[in-house]
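So the chains spell out like this:
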Amino acid sequence: MQDANLRYPEIGISEVSLTFGGKIGYLDEQFCQVEDLQDEASPNFAEEVVTLFFKDSARLMSNIELALEKYPKDFNRWDAYMQQLKGSCSSIGASRMKCEFMSFRDYCGQGNVEGCMRSFQKVKREHTVLRQKLETYFQLLRQAGPAGAATRPVM
Amino acid sequence: MTGTARGRRGPAGMEEKGEAAGLGFLGLDRMRLLLPLPLPEKLSARTLRTHLYNHYLGSRKVREQRRWLLLLWVVIWSLISCCILFLMSSQAVEKRREALASMCDERARMLQDQFNVSMNHLQALAILISTFHHSKNPSAIDQLTFARYAERTAFERPLTSGVAYAVRVTHAEREQFEREQGWSIKKMYSSKKQSPGPGDAEVREPAAEYAPVIFAQDAYKHVISFDLLSGNDDRENVLRARESGKGVLTAPFELLNNRLGVISTYTVYESELPPNARPHERIQAAIGYLGGIFDIEALVDKLLHQLAGKQSIMVNVYDTTKESPISMYGSSDTGSGMCHVSTLNFGDPSRRHAMHCRFIQKPPWPWLAITSSFGTIVIALLIGYIFHATVKRIAKVEDDYQEMMELKKRAEAADIAKSQFLATVSHEIRTPMNGVLGMLQMLMDTDLDTTQQDYVRTAQASGKTLVSLINEVLDQAKIESGKLELEAVPFDLRTVCDDILSLFCGKVQEKGLELAVYVSDQVPHTLIGDPGRIRQIITNLVGNSIKFTERGHIYLTVQVVEEVMSCLEVETATQYTKTLSGYPVANRRRSWENFRLFNRELHSSDVSFAPIASDSISLIISVEDTGVGIPFEAQSRVFTPFMQVGPSIARIHGGTGIGLSISKCLVGLMKGEIGFASKPHVGSTFTFTAVLMRARPSSNENKSLDFKEINALVVDHRPLRAKVTKYHLQRLGVKTELTTDLDQFVSKMNCGSRFAKLVLIDRETWLKESHSMPLLVRKLRNKDQTDSPKLFLLENPTSSVKSSSHISREYNLNVIMKPLRASMLQVSLRRALGEVDKVHCRNGVVGNPTLGSLLHKKQIIVVDDNIVNLKVAAGALKKYGAEVTCADSGKKAITLLKAPHSFDACFMDIQMPEMDGFEATKRIRVMERDLNERLERGEVPPECANVRQWRTPILAMTADVIQATHEQCLKSEMDGYVSKPFEGEQLYREVARFFQSHDQVQ
């Protein structure tokens, strides 16, 4: 545990994993699973997926932004867009964003435009934060060495 | 009606809320509960009421009957007592009459006797005169002699007051007679007995014969010379006496002294006559007449004086010769009371006399009869009263019963209402609480200063406490109303235990307690039951233990009941030095000695578990602590809801005291029992049993193959703790050896025997054996560098971090923090082994090995419009050895799956633009049916000649796993669904189900 913290100063295990009923980390166990998927055949699988995620999510978020302006109060549409984004998020384990989608969905259910907007803004913020953190993370991984040490112990 | 409507609304609401809250409070919505009044119960209540009503009416009728019965009783007994009165009084009267008769008869007889005596004497006197007067010449008797004689013999004739003698004088002899006597015969007054004097008396006119008195007693000297035949009465008397030869009596008349009397007349005959002489012979023979005056009154008076009881009886004597009786004695005022008549025979056949006797006093009241009858009636009335009182009492009790029933019904209704209210209110509170907590969570993520964050954290903690309390109350209500139903899903108890340990990790470290779990090998890996509830019970027990324990350990054990049974003897031998932390504990065995299960076992050990052994399994789970224990006086109410040991406990430790009661109910639902043993200041052990189902034996061993060829050695001087460590290591597939003696180990190592790759040393042991440790470490490290064993220090939370880090740094040890859990241990081991064994780790199949074997070299197509999801899913499946083809839309999937193709399975996302998963699947199935028909007709394309039936398994991938989706999946002819992102367990389950059955089909 101490090792892990030493190795990944930016994102400690405690933050990466979803702690019990307490503070929600940026990422959950799903991210670990994604990391586990990389092997010799696809050594940078996690990074690939994350990159893909950010590309895709950027697109989706612009779509949503557009939809929020273009179709005011069309909650079903908003929700559908959001749902796509949520799928991506849960695939890489972006837990904070995922949580935010739930509240977004709630606001949609309530017909709360203000809430939706606020929620979406928060999603965007989380997205940015996550992007920064993950970029740093992968950068560190690369620094640590192309082979071997770049893997996290499986949890 | 409302119940079902609400019930239907329930799950729908649940998913919305579940999505909305989503912050770890998902569990709450499971508790959603409504308490509709059970309808059948209501009905039964109504029937009960009518029944009661009938009963009540019936009792009323009975009551009326009882009243009549009572009345009848009183009347009958009144009559009976009257009869008694009558009978007894008549008996008394009869007795009295008899007494009177006997008295009367006695008096009559005596009177008669005395009379007869007098008469006899008169007769004797008559004979005397005949002898000395008539037979002598001159007569030996003159007046003087006669008077004197009569006077002197008067005592012989107690009833006669005087006697006189008259001679028979014919008319021819009159003159001579008169001359001799010196007086002329005088005539008697016919009516008046008393003559005024001799001088005044008339001379008797001439008649055929005369009977002048010649002798008389002095008192009656004045009657001398009077002719008896001149008086009517006397004449008749004389004539009758002369004829009969016996004494005859006159009718009663008034004597000189104004008293009643009778005259008895005796005839003196010239010669003795034969008894059968005829009357005219008698008349011829008669020469004189002796008369005696009987003073009846004096006579009777005298007589009665002689007798006892003369005061009580009144005697009247009558002459009843004539029609109208002439009273001879007794007062004229004859009472109307009882009268007895006795006849008197005075020797004169022509005269009849009778004696009438009466009681002077009125008859006394028949007190005996009266008291008897009165007593009877009183007793009868008393009995009647008792009966009445009883009846009244019964009626009252019945009424009370009615009332009680009514009250009971109302109380029950109130209870139901309470539960319902509780459930409703709890639920209504929980919904907004979720909002509050969610918002607090969000607030925590905003920019807050330290104080604000502290406030928010406090608020959130309070909110969570409140929600958990509400959940508990809700659980209680649910259990009370019998609404709680257990799930039956497969689960791994070991994982559940590990989770619980993780949950209490922080608290345990805070308090410096040792927390350990041990699950016996005999407990199957997969059980079917309600993991949530089991977790709730264990969490509750462990939570309690932690709450009340300040030093020592908490030890959770899970065993199969049979196992415990077989090693009971061993258990008893356990001493507290052998416990987990060395502190004494309460005897575990005591906690279950009251269990029915065991008692039954003990009585009939041969019965064993035969009936349930097939696929149910009884587990016995204990939580042992070294806490303050439960005071003896509080032990009886440990399982009572809202009861705590004392108010101070609640103040210090908080909590509602509902947890144990819920646990008890839950254990009851699992067909188990809960019990405890506790020693104040030593500790408590709570034990419960639960009956769970064995899951179908599967090869799904959770043992990671990473550690398959690794040996480990655990060095711990406490065997129990070593056992726990061994258990965890074995779960990971590590072959484990235990040693308690370090020296032995060292010597063994010197012999050059093969030693383990991992050496785990407990910190406590390390400190204990600190002198030999450096040696050991050196020896271990001395070997070939590549193959040197890894050293682990098992860190106790009690130990200060400083010292342990000091040790670990000094000897470059890996530190494993307790409590041990499989996952954590796995991470630690892997991290330690990682550098050494990387190649092994790389090449080996990571993760679930069986999943790998299932999916190995399978052609799988993954369909998802979301490229990230697609990539991740594909990556995951590839990891398991599958060969994956990706499709980013339903249409593409259809073209790829156009038969014949070589895919073994398809994972299909449901929500896709243009064509969703359901639609795509339907189309694929249509295509397949088409092909199958062609196959049947024999138009076989060459690619699939060996296939009879074409059907590609399609699994849905979905983010929200709810029942509705599942049903829809089946409707669209999908084969199952997996959650997205993949969960190893679920994926395995679905794929295994599918691939195994698929293989069988083919």
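In the block above lies the structure referred to throughout.
Residues numbered from 1 in each chain as written. Chains lettered and ligands numbered in written order. Predicted model: local features only at pLDDT ≥ 70, side-chain atom pairs only at ≥ 80, totals over all residues. Heavy atoms only, no water.

(A) Structural context of the pattern of salt bridges. Residues and elements named next belong to chain B. Under the defined criterion, the tally for this structure stands at 24 salt bridges over all chains. The shortest N-O distance in the salt bridge between Lys409 and Glu406 comes to 3.8 Å. Highlighted residues: Lys409 and Glu406, both in helix 9 (residues 367-445), separated by three residues, approximately one helical turn. A salt bridge links Asp499 to Arg535; the shortest N-O distance between them is 3.1 Å. Residue Asp499 is found in helix 11 (residues 493-511), and its partner Arg535 is found in helix 12 (residues 531-548); the two are separated by 36 residues along the sequence. The exposure class assigned to Asp499 is partly exposed, which follows from its relative accessible area of 27%. Take Arg535: its relative accessible area is 26%, and that puts it in the partly exposed class. Linked through salt bridges whose partners overlap, the residues forming this network are Glu514, Asp716, Arg721 and Asp762. (Salt bridge = Lys/Arg side-chain N within 4 Å of Asp/Glu carboxyl O. Helix = DSSP H or I, 4+ residues; strand = E, 2+ residues; numbered from the N terminus. Buried < 20%, exposed > 50% of the residue type's maximum accessible area, 1.4 Å probe, protein only.)

(B) Focus on unusual backbone geometry. All names here are of chain B. Positive phi, close to 65°, is recorded for His681, a residue that is not glycine. Tracing the sequence through the fold places His681 in the loop between strand 20 (674-679) and strand 21 (683-694). A positive phi angle, near 65°, is found at Glu973, a position not held by glycine. In this fold, Glu973 is placed in the loop between helix 30 (963-971) and strand 31 (976-979). Residue class for Glu973 comes out partly exposed when judged on its relative accessible area of 25%.

(C) Quick peek at the state of the cysteines. Residues and elements named next belong to chain B. Enumeration according to the criterion identifies one disulfide over all chains in this entry. The disulfide partner of Cys104 is Cys357, and the S-S distance across this bridge is 1.9 Å. On the S-S bond that ties Cys104 to Cys357, the torsion sits near 80°, and the link is right-handed. Here Cys357 lies in strand 14 (residues 353-359) and Cys104 lies in helix 3 (residues 39-134), a separation of 253 residues in the sequence. Classification of Cys104 by relative accessible area gives buried; the value is 0%. Classification of Cys357 by relative accessible area gives buried; the value is 0%. Cys83 supplies the cysteine sulfur nearest to Cys82, a cysteine that is in no disulfide, at a spacing of 7.0 Å. (Disulfide = S-S within 2.5 Å.)

(D) Spatial organisation of helix 10 (residues 450-480) of chain B. Residues and elements named next belong to chain B. Over its 31 residues, helix 10 extends 45 Å from the first C-alpha to the last, a length consistent with the 45 Å expected when each residue adds 1.5 Å. The N-terminus of helix 10 is capped by Asp449, whose side-chain oxygen sits 3.2 Å from the backbone nitrogen of Thr451. A positive backbone phi angle near 70° is found at Gly482, which sits one or two residues after helix 10. (Expected span 1.5 Å × (residues − 1). Polar contact = N/O pair within 3.5 Å; in protein donor to acceptor, adjacent residues only side chain to side chain.)

(E) Broad picture of the environment of B:Gly875. Its place among the elements puts B:Gly875 in helix 27 (residues 867-879). On the basis of relative accessibility, which here comes to 7%, the residue B:Gly875 falls in the buried class. Setting aside anything within four residues of it in sequence, one finds B:Gly875 in contact with A:Leu37 and A:Phe45. (Contact = heavy atoms within 4.5 Å.)

(F) Inspection of the pairing of strand 29 (residues 905-909) of chain B at higher detail. All names here are of chain B. Summarising burial for strand 29: five of the five residues are buried, a large majority. Residues of strand 29 alternate between two faces, with Ala905, Phe907 and Asp909 on one and Cys906 and Met908 on the opposite face, all of them buried. Note that strand 27 (residues 859-863) and strand 29 share four bridges and pair parallel. Looking across to strand 29, one finds that Ile861 is bridged to Cys906. With four bridges connecting them, strand 29 and strand 30 (residues 954-958) associate as parallel partners. Each bridged residue has a counterpart across the sheet, and for Asp909 the counterpart in strand 30 is Met957. (Pairing = 2+ DSSP bridges.)

(G) Spatial organisation of the side chain of B:Asp530. All names here are of chain B. Looking at the element boundaries, Asp530 is found in the loop between strand 17 (527-529) and helix 12. An unpaired buried charge is present at Asp530: no salt bridge exists, and Arg533, the closest side chain of opposite charge, is 4.4 Å distant. Here Gly532 takes part through its backbone nitrogen, which lies 3.2 Å from a polar atom of the side chain of Asp530. Among all residues touching Asp530, those that are not within four sequence positions of it are Glu485, Leu486, Glu487, Phe491 and Met670. (Lys, Arg positive; Asp, Glu negative; His and termini not counted.)

(H) A look at the packing of helix 9 of chain B against helix 10 of chain B. All names here are of chain B. In contact at an axis separation of 9 Å, helix 9 and helix 10 are set at 155° when each is read in the N-to-C sense. Considered as vectors, helix 9 and helix 10 are oriented roughly antiparallel to each other. The way helix 9 lies across helix 10 gives a crossing that is left-handed. A per-class count over the contact of helix 9 with helix 10 returns 16 nonpolar, seven polar and five charged. (Axes fitted to C-alpha atoms, helices over the stretch in contact; angles between N-to-C directions. Parallel < 35°, antiparallel > 145°, perpendicular 65-115°, else oblique. Left-handed = near helix turned anticlockwise from the far one by under 90°. Nonpolar A, V, L, I, M, F, W, Y, C, P; charged D, E, K, R; others polar.)

(I) Expanded view of helix 4 (residues 143-152) of chain B. All names here are of chain B. The complete set of buried residues in helix 4 reads Gln143, Phe146, Ala147 and Ala150. Looking straight down helix 4, one finds its buried side chains confined to an arc of 95°; they lie on one side. Turned more than 90 degrees off the buried face of helix 4, the exposed positions are Leu144, Arg148 and Arg152. (Arc of directions from axis to C-beta.)

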